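So the chains spell out like this:
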Amino acid sequence: MGEVDQAFIQEPEHRPKLSIIEPEGIPLIDLSPLSCPDSISDPKAIEVLVREIGNACKNWGFFQVINHGVPQEKREKVETAARKFFAQPLEEKRKIRRDEIRVVGYFDTEHTKNVRDWKEVFDFLVEEPTLVPSSTEPDDKGETQWFNQWPENPPELREVLEEYSQEVEKLSLKLMGLIALSLGLPEDRFKGYFKDQTSFIRLNHYPPCPSPQLALGVGPHKDAGALTVLAQDEVGGLEVKRKTDGEWIRVRPTPNAYIINVGDILQVWSNDKYESAEHRVMVNSEKERFSVPFLLFPAHYTEVKPLEELTNKQNPAKYRPYSWGKFMTLRKLSNFKKLKAENIQIYHFRVSD
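Below or above, wherever it landed, is the structure these notes cover. The model shown is predicted, which means the values in this text are computed figures rather than measured ones.

## Some remarks on the sheet that holds strand 15 (residues 279-281)
Okay, step 1: With antiparallel pairing, the four strands of this open sheet are ordered in space as 10-15-12-13. Both outer strands of the open sheet, strand 10 (218-221) and strand 13 (248-250), are each paired with one neighbouring strand and no more. The mean inter-strand angle of the sheet, taken between neighbouring strand axes irrespective of direction, is 20 degrees.
Okay, step 2: When strand 12 (residues 238-241) meets strand 15, the two strands line up antiparallel, connected through three bridges.

Spelled out as structure tokens, the structure:
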């Protein structure tokens, strides 16, 4: 990627400032009470943890976790394999290019809010096959299956990613349990939604960009799913919009930590008690950057709506129910076309006051 093509250039109001705000802001939460055998006799430690997570979800929609139980070597193997994959010639990577039929695989023309992102990606589904609606038509109840596409090289990529996905899936469900407790719900309240999950893992590669003041690795957006569990390298570039003043805050890479963010589904389930945070990725003029998000998505047949336990007369449901599968397939298809209108968002389902 050389000179910046017009397709990558952000509107003036979205162009990044190259001065960086890096306060201590985003909470760093230690999950060791979960793996510590004493926690059985020390519910206090779990209580404190639940409170910390609740505060982070409420005030930021973002936090980092350490002592999370995912083996470091599994994460390192993924990064090594990702580097090998993206280092290949473009024609090699494009052999598994995703399209409207094969919706996962390699892609290098992602758009966020209709502006092209300065990155290339490789996606794979955690459940294979993944069960999804066969069309975006509301009345069509048909189902179809999505399958992964794997590259010939590096040959170890599949095994490395499948092993890693089991670990981050465990972590994400553990976190959903703590989030449920923080909302005053039973720990397993969300578990059933992920039985036939539509989750996926993405490998992101952000090459150096000659004009980092004009383009973004990913434009400002919110995540559509329930929860995102992100591994990022030491280069950094992720920025979160602080809720108090709308400033963009750089998330400083913490060795072996995961960055967790609340997605739109959790915002709806919690009836806005927890809000998904807007975030974006800056690019670097000298260094390439790698990151690996795990996107926790429920089964396609999930009807997403505020949980009954969290609504009442004083706090009525703020959203109309929507079909996760239809929402997700509409979103997926938008990746292949530059839409005239904005992509489907949860606020399209907001109940007007």
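## A short note on the packing of helix 2 (residues 43-59) against helix 5 (residues 157-182)
Each pair of packed helices gets described by two things: the angle between the helix axes and the distance between those axes.
Okay, step 1: Packing of helix 2 against helix 5 leaves a shortest axis separation of 8 Å and a crossing angle of 85 degrees. Classed by the angle they form, the pair helix 2 and helix 5 counts as roughly perpendicular. Contacts from Leu49, Val50, Ile53, Gly54 and Cys57 of helix 2 reach helix 5 at Leu175, Leu178, Ile179, Leu181 and Ser182.
Okay, step 2: Across the contact of helix 2 with helix 5, the residue classes break down as eight nonpolar, two polar and no charged.

## Overview of the sheet that holds strand 1 (residues 28-30)
Okay, step 1: Pairing is mixed across the open sheet formed by eight strands, whose spatial order is 1-2-14-11-16-9-6-3. Edge positions in the sheet fall to strand 1 and strand 3 (106-107), since each has one partner strand and no second.
Okay, step 2: Taken together, the four bridges between strand 2 (residues 62-66) and strand 14 (residues 258-262) define a ladder with antiparallel strand orientation. Bridging across to strand 14, Phe62 finds its partner in Asn261.
Okay, step 3: Strand contacts of helix 5: strand 2, strand 6 (120-125), strand 9 (200-206), strand 11 (227-232), strand 14 and strand 16 (289-296), with the helix running at about 130 degrees to strand 11, the strand carrying the most contacts.

## Regarding the nonpolar core
Okay, step 1: Judged by nonpolar contacts, the single largest core of 74 residues is most densely connected at Leu175 and Phe190.
Okay, step 2: In terms of residues, this core owes the most to one element, helix 5, which gives 11 residues.

## Thoughts on the packing of helix 3 (residues 72-86) against helix 5
Okay, step 1: Two numbers describe how helix 3 lies on helix 5: the axes approach to 9 Å, and their chain directions differ by 145 degrees. In terms of crossing hand, the pair formed by helix 3 and helix 5 is left-handed. Contact residues: helix 3 offers Lys74, Arg75, Lys77, Val78, Ala81 and Ala82, while helix 5 offers Leu157, Val160, Leu161, Glu163, Tyr164 and Glu167.
Okay, step 2: Considering only residue class, the contact of helix 3 with helix 5 consists of seven nonpolar, no polar and five charged.

## Some thoughts on unusual backbone geometry
Okay, step 1: A cis amide bond links Glu128 with the next residue in sequence, Pro129, at an omega value of -5 degrees.
Okay, step 2: Along the chain, Pro129 turns up in the loop between strand 6 and strand 7 (130-133).
Okay, step 3: Here the residue pair Asn153 and Pro154 is connected by a cis peptide bond, since its omega of -10 degrees sits within 30 degrees of zero.
Okay, step 4: Tracing the backbone shows Pro154 in the loop between strand 8 (143-146) and helix 5.
Okay, step 5: One non-glycine residue with positive phi stands out, namely Asn67, at about 50 degrees.
Okay, step 6: Mapped onto the elements of the fold, Asn67 is located in the loop between strand 2 and helix 3.
Okay, step 7: Residue Asn67 is classed as partly exposed on the basis of its relative accessible area of 46%.
Okay, step 8: The backbone of Asn271 shows a phi angle near 55 degrees, a positive value even though the residue is not glycine.
Okay, step 9: Along the chain, the position of Asn271 falls in the loop between helix 6 (264-269) and strand 15.

## Focus on the packing of aromatic side chains
Okay, step 1: One pass over the structure, following the stated rule, counts 15 aromatic pairs.
Okay, step 2: When the centroid spacing of 5.2 Å and the interplanar angle of 65 degrees are considered together, the rings of Phe85 and Phe86 count as edge-to-face.
Okay, step 3: Judged by relative accessible area, Phe86 falls into the buried class, the value being 4%.
Okay, step 4: Their ring planes at 25 degrees and their centres at 4.5 Å tell us that Tyr193 and Trp269 sit as a pair that is stacked. Of the two residues, Tyr193 sits in the loop between helix 5 and strand 9 while Trp269 sits in helix 6, which places them 76 residues apart along the sequence.
Okay, step 5: Chaining the aromatic ring pairs together yields one cluster made of Phe85, Phe86, Tyr106, Phe122, Phe124, Trp150 and Phe290.
Okay, step 6: Taking NZ or CZ as reference, Arg75 lies 4.6 Å from the ring centre of Tyr258, over its face.

The rules behind each value
- Residues numbered from 1 in each chain as written.
- Predicted model: local features only at pLDDT ≥ 70, side-chain atom pairs only at ≥ 80, totals over all residues.
- Heavy atoms only, no water.
- Pairing = 2+ DSSP bridges.
- Helix = DSSP H or I, 4+ residues; strand = E, 2+ residues; numbered from the N terminus.
- Axes fitted to C-alpha atoms, helices over the stretch in contact; angles between N-to-C directions.
- Parallel < 35°, antiparallel > 145°, perpendicular 65-115°, else oblique.
- Contact = heavy atoms within 4.5 Å.
- Nonpolar A, V, L, I, M, F, W, Y, C, P; charged D, E, K, R; others polar.
- Core = buried A, V, L, I, M, F, W, Y, C linked by side-chain atoms within 4.5 Å.
- Buried < 20%, exposed > 50% of the residue type's maximum accessible area, 1.4 Å probe, protein only.
- Left-handed = near helix turned anticlockwise from the far one by under 90°.
- Phe/Tyr/Trp six-rings, centres within 6.5 Å; stacked < 30°, edge-to-face > 60°.
- Lys NZ or Arg CZ within 6 Å of the ring centre and 35° of its normal.

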